[in-house]
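Residue-level structural notes
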Amino acid sequence: MATTMITTLDRSSRAAARGLSDISIRNLFIIPTILFLIVFNIFPLIYSLGYSFTDFRASTNAPANFVGLQNYRDLLGDPYVWSNFAVTAKYVIISVAGQLLVGFGVAMLLNRDIPLKGLLTTLLLLPMMLSMAVVGLFWKLLYDPSFGIINYALGLGTFEWLSDPKMALYAVALTDIWMWSPFVMLLSLAGLSAVPKHLYEAAAIDRAGPFYTFFRITLPLVAPILMIAVIFRTMEAFKTFDLAYILTSQPTAELISIRLYKMAFQEWQTGRSCALAYIVLIMVLAITNIYVKYLNKVKER
Amino acid sequence: MTQIELRGVQKFFGAVQVIKDLNLKINDNEFIVLLGQSGCGKTTTLRAIAGLETIDGGDILIDGKPVQHLKAADRDIAMVFQSFSLYPHMSVYENVAFPLRATRKSKAEIDQEVRSVAKTLQITGLLAKKPSALSGGDMQRVAIGRALVRRPKAMLMDEPIGALDAKLREEMRAEIKRLHIKQGSTTIYVTHDQIEAMSLADRIVIMHEGVLQQVGSPDEVYSHPANLFVAQFVGSPVMNVADASVAETASSASVTVGGAAAGFEFPRALLSRLNGHAGGQLALGIRPEGVLVRHEAAEGFLPVETQIVEPLGSFDIVDLKVGSKMLRARTKSGFVGGPGERVFARIDPTQAHFFDTASGKSLGVRL
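Since this is a predicted model, take the numbers as computed values, not measurements.

For chain B, the count of helices and strands is nine helices and 20 strands. The buried share of chain B, taken over its 367 residues, is 43%. Of all intrachain contacts in chain B linking residues separated by at least 6 positions in sequence, the fraction that spans at least 24 positions is 64%.

Structure follows, in structure tokens:
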């Protein structure tokens, strides 16, 4: 089966002249990738699962003691960790909803014949191509209370975006929306241009108004691809670390990944942080699964 | 009660003029077929009437009111597309109900209308299905249902059965005709298939390169084509057209085709009706059924040699060599044994057409 799916090697090719068979060429391409995956992903994953059941601390030479489910029990009973989860949930909802609104909105605006559409689209995609750390650093400058351009432009005086406990999380979410809306826009544009033009013509003939056409034709037909955007963005937002870490140190904006980082590399509770990492992983998997189920349902229509 | 009128309609795509000064009046309840090759402007004309295409000149009037500046939604016209254009994410019921829901009718009213249309089109059993689960014919029934449900002023159909296979096309053709007779709404139907046009139309409008060629009943268009294009476009097998010269003989006129030794005999009356075209620039058009063939020599019949014989079941098409030209004749099946046979042929003067080769126009000779 596997060999039939591969295009057979051209007998006159140079690879064939060197005595390489189809199988050996396939192995040549695949084995390095698999090795890389095992060494850097799968091995640490399994190794950390083992650590999550111990009281191991990477900062000491003390041997790891098996503690069973103690780490998990402690973490799930810790209100501090739960508040981190609550903060993360709030952040995910605000950030993903914002990106969806802005991204889809801009896509709707771009989905027509306008001059310089290609250039405009490319320029709008720029934020998402920047490094998270860079975005974090210059948004910190933009938010700066004394010389930040945001306060200057909005006339807010010395409003403290990032040190205000109430505002910090929203400020981080706003930066994330700015950075990742283009991603949603890109997927939405693909979805919108895939809606056949003749359906809009049929709707126009059927006397459907713009709103009716949008909610009954455009939105349902773009929904599957929007779902994919939501899945990706939710996963990413759930894991957000660098942006929030660079922008603010407010406890009200302490996402679960920051808690995890502190636990692992500042408090050196290696075993416990492994357990927390697994809890986060299971949560992300669960959320993604719900989305994928819903996506399949949407696709069926 | 809907009349549609086109007055001097012009349409350009860039520098190309796709509709050239089109004038047409469509009466109430009339079934009009726009017939022409692809790219002749027939679909553009239909879309212009629907409001999906703007026009660059002229007027489109519905019931005497100019509508060329109105949006499609405000013209109260329904359209059936070649691609069906059913909403893929909605069930058949929702598809048919869409035009009613879009205009916010009450639920009970919608349900009643949808079910009555579904009954007419025999799609009641399909109402819960998605379009993707339907066959081509059923999809088109649903599309027609969606157009019918709101009782539009006029129905526009853009090659509605062009995407179906031959057998289904024939069935749907009959169904569309039955439906039109029953519902009786002004209908404009676009097709490139002349059989469809002949069988459905009250009047056929033949277009070529954006110019209207002829408007008339199927019979009129078939029997009295206005020019060479119509003559050769309408009718299958295609009409024979050959350069001809006419000479006067003792008792009659003689029409020579393809430099043959002898000419076909025509009544003397022909001479006076050619208006000076007798000498040259004259083409004779004769449909295959107007070429009479027999095995024995007879008065007025010329001896000819058969070439290819195409048996088509109910009849044969036989190529006859007349001088350097080929005349296709329609005979009973099996009438001619094969190529190389000697038979006798004449042209039925009542079915002959004469055209000016320079302008392509028919000389209107009726013998």
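So, on to the interface of chain A and chain B. Listed per partner, the contact involves 14 residues of chain A and 15 residues of chain B. Of the residues forming the side of chain A that touches chain B, the biggest block, six residues, is contributed by helix H9 (residues 197-205) of chain A. Grouping the amino acids of the side of chain A that touches chain B by side-chain chemistry returns nine nonpolar, one polar and four charged.

Moving on: the environment of asparagine 27 of chain B. With respect to the helices, strands and loops of the structure, asparagine 27 of chain B is situated in the loop between strand E2 (16-26) and strand E3 (31-35). Exposure remark for asparagine 27 of chain B: the 13 C-beta atoms within 10 Å place this residue in the partly exposed category.

All right, on to the domain arrangement of chain A then. Assigned domains of chain A: these are domain 1 (19-51) and domain 2 (80-300). Relative to domain 2 of chain A, the C-alpha centre of domain 1 of chain A lies at a distance of 33 Å.

With that settled, consider the domain arrangement of chain B. With domains assigned, chain B is organised as domain 1 (4-225) and domain 2 (240-356). Inter-centroid distance (C-alpha atoms) of domain 1 of chain B to domain 2 of chain B is 41 Å.

Residue and element names in this part refer to chain A. In this model, helix H6 (residues 132-143) (12 residues) spans 16 Å end to end at C-alpha, consistent with the 16 Å of a helix rising 1.5 Å per residue. Restricting attention to buried positions, one finds in H6 the residues Val135, Gly136, Trp139 and Tyr143. Within H6, the buried residues cover an arc of 100° as seen down the axis, which keeps them to one side. Facing away from the buried side of H6 by more than 90 degrees, the exposed set consists of Ala133, Val134, Leu137, Phe138 and Leu141.

Ranked by size, the top nonpolar core spans 113 residues in total, and within it Val33, Leu156 and Val205 of chain B carry the most contacts. If we ignore the near neighbours within four places in the chain, the residues touching leucine 156 of chain B are Leu46, Ile49, Ala50, Ile77, Ala78, Met79 and Ile188 of chain B. Judged by nonpolar contacts, the second largest core, of 49 residues, contains Ala173, Ala229, Cys274 and Ala275 of chain A.

Turning to the packing of helix H2 (residues 22-51) of chain A against helix H13 (residues 270-300) of chain A, a few remarks are in order. Residue and element names in this part refer to chain A. Interhelical geometry of H2 versus H13 gives an angle of 120° and a closest axis separation of 8 Å. Judged by the angle between their axes, H2 and H13 are oblique. You can see that H2 and H13 cross each other, and the crossing is left-handed. When H2 is examined against H13, the residues Ser48, Leu49 and Tyr51 are found in contact with a partner set consisting of Thr270, Gly271, Cys274, Ala277 and Tyr278.

Moving on: the sheet that holds strand E12 (residues 253-257) of chain B. All names here are of chain B. Within the open sheet, the five strands sit side by side as E13-E12-E11-E14-E20. Their pairing is antiparallel. Since the sheet does not close on itself, it has two edges, and those belong to strand E13 (264-266) and strand E20 (352-356), each with one partner. With direction set aside, neighbouring strand axes in the sheet form an average angle of 40°. The pairing of strand E11 (residues 240-248) with strand E14 (residues 282-286) spans four bridges and is antiparallel. In the strand pairing of E14, aspartate 243 is matched with alanine 283.

What follows concerns the sheet that holds strand E5 (residues 65-66) of chain B. All names here are of chain B. Strand order in the open sheet formed by four strands is E2-E1-E4-E5, with antiparallel pairing between adjacent strands. For this open sheet the edge positions go to E2 and E5, each flanked by a neighbour on one side alone. Relative to strand E4 (residues 57-62), strand E1 (residues 4-13) runs antiparallel, the two sharing five bridges. Across the sheet, the residue bridging to arginine 7 is aspartate 59, located in E4.

Our next topic: unusual backbone geometry. Cis geometry is found at the peptide bond from serine 236 of chain B to proline 237 of chain B, where omega equals 0°. Here proline 237 of chain B shows up in the loop between helix H8 (228-233) and E11. The backbone phi angle of tryptophan 268 of chain A is positive, close to 55°, even though this residue is not glycine. We classify tryptophan 268 of chain A as partly exposed; it has 14 C-beta atoms within 10 Å. The phi dihedral of serine 85 of chain B is positive, around 55°, even though this residue is not glycine. Locating serine 85 of chain B in the fold gives a position in the loop between strand E6 (77-80) and helix H2 (92-102).

Criteria and cut-off values
Residues numbered from 1 in each chain as written. Chains lettered and ligands numbered in written order. Predicted model: local features only at pLDDT ≥ 70, side-chain atom pairs only at ≥ 80, totals over all residues. Helix = DSSP H or I, 4+ residues; strand = E, 2+ residues; numbered from the N terminus. Buried ≥ 20, exposed ≤ 12 C-beta atoms within 10 Å, placed from the backbone. Contact = placed C-beta atoms within 7 Å. Nonpolar A, V, L, I, M, F, W, Y, C, P; charged D, E, K, R; others polar. Domains from an automatic or database assignment. Expected span 1.5 Å × (residues − 1). Arc of directions from axis to C-beta. Core = buried A, V, L, I, M, F, W, Y, C linked by C-beta atoms within 7 Å. Axes fitted to C-alpha atoms, helices over the stretch in contact; angles between N-to-C directions. Parallel < 35°, antiparallel > 145°, perpendicular 65-115°, else oblique. Left-handed = near helix turned anticlockwise from the far one by under 90°. Pairing = 2+ DSSP bridges.

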